[in-house]
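Secondary and tertiary structure notes
Letter by letter, the chains look like this.
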Amino acid sequence: NGEGRIFALINLSKSPGRVVSYSDQGRQGEFWVNPLGRKFTGLAVDGVNQAVYIGDATGTIYALDRGGGAGGSLKSFVEIRAAPGEENELGPMAVDNRHKRLFVVDREGDAIFRVDLTKRTIARDSLQPSLGTPRALALGPGGDRLYIADSSRRRVWVFWPDTSPPRREIFAAGHKFRSPSALTVDRYEQLWIADEDAGKIFVFSSDGSLLDTLPEK
């Protein structure tokens, strides 16, 4: 985030979810526990406004507003309610600072939610077929495209939220993917994909061309 700190989710088998902060030297700092004893399932850090958003297994999004200092409190920010007869377990999240919104993917990959961070309103985009098993999100620099790692189908999707209707397509597949699980976009608009099962990092240009694989062997 803007303070040079790292935030991580920790879910133990018989304990409520925790959010833990670390310094850039790896020292553990504060931690916050889910007040309702639930597991946390998604995390997004707003480095510009120094806010942290956390989703849980029942559709609640919490906000940790640090205001530039230490401490801070974990409070319910918005509820994403499931349709009747359905469960609503939230998955990966990403903050769009330019448009002041938060993207959240349903863990089953059936929907993308857009949360207006100012009005706290929610828009839902249904996805059929589903996104498989979404593990990570990353926004392009302009906030106009959203990348989604689908670990079970070994691919990365790209989603354009502001087209009418919103559209998506496969951005990358194959390339010896086994389980793409983490994403980030650099200042050159290159997408970095970490694959924990393959033990590799793949680097792609914004047009989907493979630029590099790390390590090479």
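None of the values given here were measured: they were computed from a predicted structure.

**Here we look at the sheet that holds strand 18 (residues 200-204)**
- In space, the four strands of this open sheet follow the order 16-17-18-19, with antiparallel pairing throughout. Both edges of this open sheet fall to strand 16 (180-185) and strand 19 (210-214), since each of them pairs with a single strand only. Mean inter-strand twist for the sheet, computed between neighbouring axes without regard to direction, equals 20 degrees.
- In this structure, strand 17 (residues 191-195) lies alongside strand 18, joined through five bridges in antiparallel fashion. Within strand 18, the residue paired with D195 across the bridge is K200.

**Some thoughts on the pairing of strand 8 (residues 90-96)**
- Along strand 8, seven of the seven residues are buried, which leaves the element largely enclosed by surrounding structure.
- Here strand 8 runs beside strand 9 (residues 101-106); their pairing, made up of five bridges, is antiparallel. Of the residues in strand 9, the one forming a bridge with A94 is F103.

**Here we look at the sheet that holds strand 15 (residues 167-173)**
- The sheet built from four strands is open, its strands ordered 12-13-14-15 with antiparallel pairing. On the outer flanks of this sheet lie strand 12 (134-139) and strand 15, each paired with one strand and no other. Shown here is a sheet whose adjacent strand axes are inclined to one another by a mean of 25 degrees, direction ignored.
- Taken together, the six bridges between strand 14 (residues 155-160) and strand 15 define a ladder with antiparallel strand orientation. Paired with W157 across the two strands is I170, which belongs to strand 15.

**Comments concerning the side chain of D195**
- Here D195 lies in strand 17.
- R178 is the oppositely charged side chain nearest to the buried, salt-bridge-free D195, at an N-O distance of 6.5 Å.
- Apart from the residues within four sequence positions on either side, D195 is in contact with K176, F177, R178, S179, P180, S181, K200 and F202.

**Some remarks on a nonpolar patch on the surface**
- A cluster of nonpolar residues, W192, I201 and L214, forms a patch on the protein surface that exposes about 220 Å² of accessible area.
- Take L214: its relative accessible area is 31%, and that puts it in the partly exposed class.

**With respect to the pattern of salt bridges**
- Applying the stated criterion to the full structure yields six salt bridges.
- The partner of R38 in a salt bridge is D56, and the shortest N-O contact between them spans 3.2 Å. Of the two residues, R38 is situated in the loop between strand 3 (28-33) and strand 4 (40-46) and D56 in strand 5 (residues 51-56); the sequence distance between them amounts to 18 residues.
- Judged by its relative accessible area of 26%, R38 falls in the partly exposed class.
- Linking R101 and D96 is a salt bridge whose minimum nitrogen-to-oxygen distance equals 2.8 Å.
- We classify D96 as buried; its relative accessible area is 3%.

**Some points on the packing of aromatic side chains**
- The final tally for this structure, using the stated rule, is six aromatic pairs.
- Here the aromatic rings of F40 and Y62 are separated by 6.1 Å at their centres, their planes lie at 80 degrees, and the arrangement is edge-to-face. Here F40, found in strand 4, pairs with Y62, found in strand 6 (residues 60-65); they are 22 residues apart in sequence, far enough to count as distant. The pair F40 / Y62 is uniform in exposure class, with both members buried.
- For the ring pair F171 and F204, a centre distance of 6.0 Å and an interplane angle of 65 degrees mean the geometry is edge-to-face. Placement of F171 in strand 15 and of F204 in strand 18 is noted, with a sequence separation of 33 residues between them.
- An aromatic cluster of three or more residues is present, and its members are Y147, F171, F177, F202 and F204.
- Over the ring of W160 we find R167, and its NZ or CZ is 3.9 Å from the ring centre.
- Positioned over the ring face of W157 is R168, at 4.6 Å from the centre of the ring.

How each quantity is defined
Residues numbered from 1 in each chain as written. Predicted model: local features only at pLDDT ≥ 70, side-chain atom pairs only at ≥ 80, totals over all residues. Heavy atoms only, no water. Pairing = 2+ DSSP bridges. Helix = DSSP H or I, 4+ residues; strand = E, 2+ residues; numbered from the N terminus. Axes fitted to C-alpha atoms, helices over the stretch in contact; angles between N-to-C directions. Buried < 20%, exposed > 50% of the residue type's maximum accessible area, 1.4 Å probe, protein only. Lys, Arg positive; Asp, Glu negative; His and termini not counted. Salt bridge = Lys/Arg side-chain N within 4 Å of Asp/Glu carboxyl O. Contact = heavy atoms within 4.5 Å. Patch = residues over 30% accessible without salt bridge, like charges linked within 9 Å, V, L, I, M, F, W, Y side chains within 5 Å. Areas by Shrake-Rupley, 256 points an atom, 1.4 Å probe, with all protein chains shown as cover. Phe/Tyr/Trp six-rings, centres within 6.5 Å; stacked < 30°, edge-to-face > 60°. Lys NZ or Arg CZ within 6 Å of the ring centre and 35° of its normal.

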